[in-house]
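A closer look at the structure
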Amino acid sequence: MSDTIQPLHLKAAFATLGCKLNFAETSSLRDTLAREGIRPAEKGERADVCIVNTCSVTEVADHKCRQALHRMLREHPGAFTVVMGCYAQLKPQEIAAFDGVDLVVGMEHKGEVARLVREGLARKAQMAPGEACHEALAVPTRDIRSFVPSCSCGDRTRYFLKVQDGCNYYCTYCTIPIARGRSRNAPIADLVAQAEDVAAKGGKEIVITGVNIGDFGRSTDESFADLVAALDGVSGIMRYRISSIEPNLLTDDIIRFCATSRAFMPHFHIPLQSGSDEVLRLMHRRYDTALFAQKIRTVLQAMPDTFIGVDVIVGTRGETDECFEETYRFIERLDIAQLHVFTYSERPGTKALDIPHSVDAATKHARSQRLLALSEVKRRAFYARHIGTERPVLWESRRADGTMSGFTDNYIRVRLAPTSAIPTENTLTAVRLADFTPDGECLWGEVVAPLNA
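Notes on the structure follow. If you're wondering where the values come from, they're calculated on a predicted model, not measured in any experiment.

What to know about the overall build of the chain
- Each helix and strand in the chain was counted, giving 13 helices and 20 strands.
- Compactness check: the chain gives a C-alpha radius of gyration of 23 Å against a globular reference of 22 Å for 453 residues, within 12% of the reference.
- In terms of overall dimensions, the chain has C-alpha extents of about 65 × 60 × 45 Å along its principal axes.
- Within the chain, the fraction of its 453 residues that count as buried is 56%.
- At a minimum sequence separation of 6, the contacts of the chain that also span at least 24 residues come to 73%.
- Total accessible area on the chain is roughly 19600 Å²; 51% of this is exposed by carbon and sulfur atoms.

Right under this line is the structure:
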């Protein structure tokens, strides 16, 4: 049989949950299947193949994965259905037993999905209507070795470049190392080649993604600083964003390089998780609040206009009322632009279950709402500081009213003022920032001048 699927006008439907890394992997798989004769299904079309790429970071994520799977099975009865991702790695046999599931693919085999789909379609054609294969391919976490490249934009203007996978940080609340295995990465030369390919396709912005990207280089004897410098030299790429980097791995050298680089944007996403040193200790995080605060100061000294997003988890075991108040006061003092607030849920197999103090659901919700309100205050204050200034904007999408929206270099969401000439998608222009839009989500922008590509 040929190594590629013969063009049979087959259609595939995709559902992706969780992190940007999952979306990048799904997007690359969609491109691969399209090259092999299976195009993405349009809305309302019945698919021949269903791919569900799952997350398992919380109990809620597990529930959403099951919902997405049941919806796929209901909307595309009889399709060859594949479940991959973190949930698939953690519960392969459980998922394989679901009615209608043909194949569960763990982390070690996710680079083989296109071949597995081809072989599975051939098998399914010999089976009775409605019968499923119920096959699971998942090795133990300790045996996960492969690195599957991924670089795609999907339906977005910006590209997502996967540079690293897995994690060696066994934080007590987290299942990701169990689901994705040890830290590993592609060689810098391969990643530079992928960035050059993006530039050749006309892409202007790349988001660097991974599980723990600051740990880049363990499997190739390189470093994240080496990678940043190499990518900055790729002609045609105007913008790089670092999706998330641990504070202890965001070195002063990396900060200084980004501050003077050609293409790295003044935008960092740095996970805090708690503003209480006691809770950080219980989480087995590798820094304290003093280091985190110093890292924020170092970034802003080098790049005063930087947008800094921060992850924080509420309601972890051990987070007493006093610990949460410490977190709130610490974050309140930080000069950051936005919080990403997550509610802790207990995950089987994690060390957090050994911590005696637990937080009830109502308290978790109340704490989450307080931090979300604080986040909105900080975001609006950051936006307001830039009203009246000029920033470069990469226009990403056309709105229903015909106008455009995009982001500044420092990640302010901008909506084109109705009086401006409408630029095309994936173009950079200099924009004067005006007041908030009525919904408060964006700033109005007026095009000042185009920028050289």
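With respect to helix 13 (residues 361-385)
- Taking 1.5 Å per residue, 25 residues should reach 36 Å; helix 13 reaches 36 Å between its end C-alpha atoms and fits that length.
- Inspection of helix 13 places K364, R367, S368, L371, L374, S375, K378, R379, F382 and Y383 among the buried residues, and these make up the whole buried set.
- Contacts made by the buried residues of helix 13 are with strand 14 (307-314), helix 12 (321-333), strand 15 (338-343), strand 18 (413-416), strand 19 (428-436) and strand 20 (443-450).
- One side-chain oxygen at the N-terminal end of helix 13 lies 3.1 Å from the backbone nitrogen of A362; it belongs to D360.

Some points on the layout of surface pockets
- Within this model, the second largest pocket holds a volume of roughly 520 Å³.
- Together, 23 residues line the second largest pocket, and S28, L29, T32, R35 and P149 are the ones closest to its centre.
- Among the secondary structure elements, those contributing two or more residues to the lining of the second largest pocket are helix 1 (20-35), helix 5 (113-124), strand 7 (151-152) and helix 7 (188-200).
- Of all the elements, helix 1 adds the most residues to the lining of the second largest pocket, at 6 residues.

Procedures and definitions
Residues numbered from 1 in each chain as written. Predicted model: local features only at pLDDT ≥ 70, side-chain atom pairs only at ≥ 80, totals over all residues. Heavy atoms only, no water. Helix = DSSP H or I, 4+ residues; strand = E, 2+ residues; numbered from the N terminus. Rg over C-alpha atoms; globule rule 2.2 N^0.38 Å. Buried < 20%, exposed > 50% of the residue type's maximum accessible area, 1.4 Å probe, protein only. Contact = heavy atoms within 4.5 Å. Areas by Shrake-Rupley, 256 points an atom, 1.4 Å probe, with all protein chains shown as cover. Expected span 1.5 Å × (residues − 1). Polar contact = N/O pair within 3.5 Å; in protein donor to acceptor, adjacent residues only side chain to side chain. 1 Å grid on protein atoms, 1.4 Å probe; cavity = no way out; pocket = protein on both sides within 12 Å on 5 of 7 lines; lining within 4 Å. Points joined across faces, edges and corners; volume = space filled by probe spheres on them.

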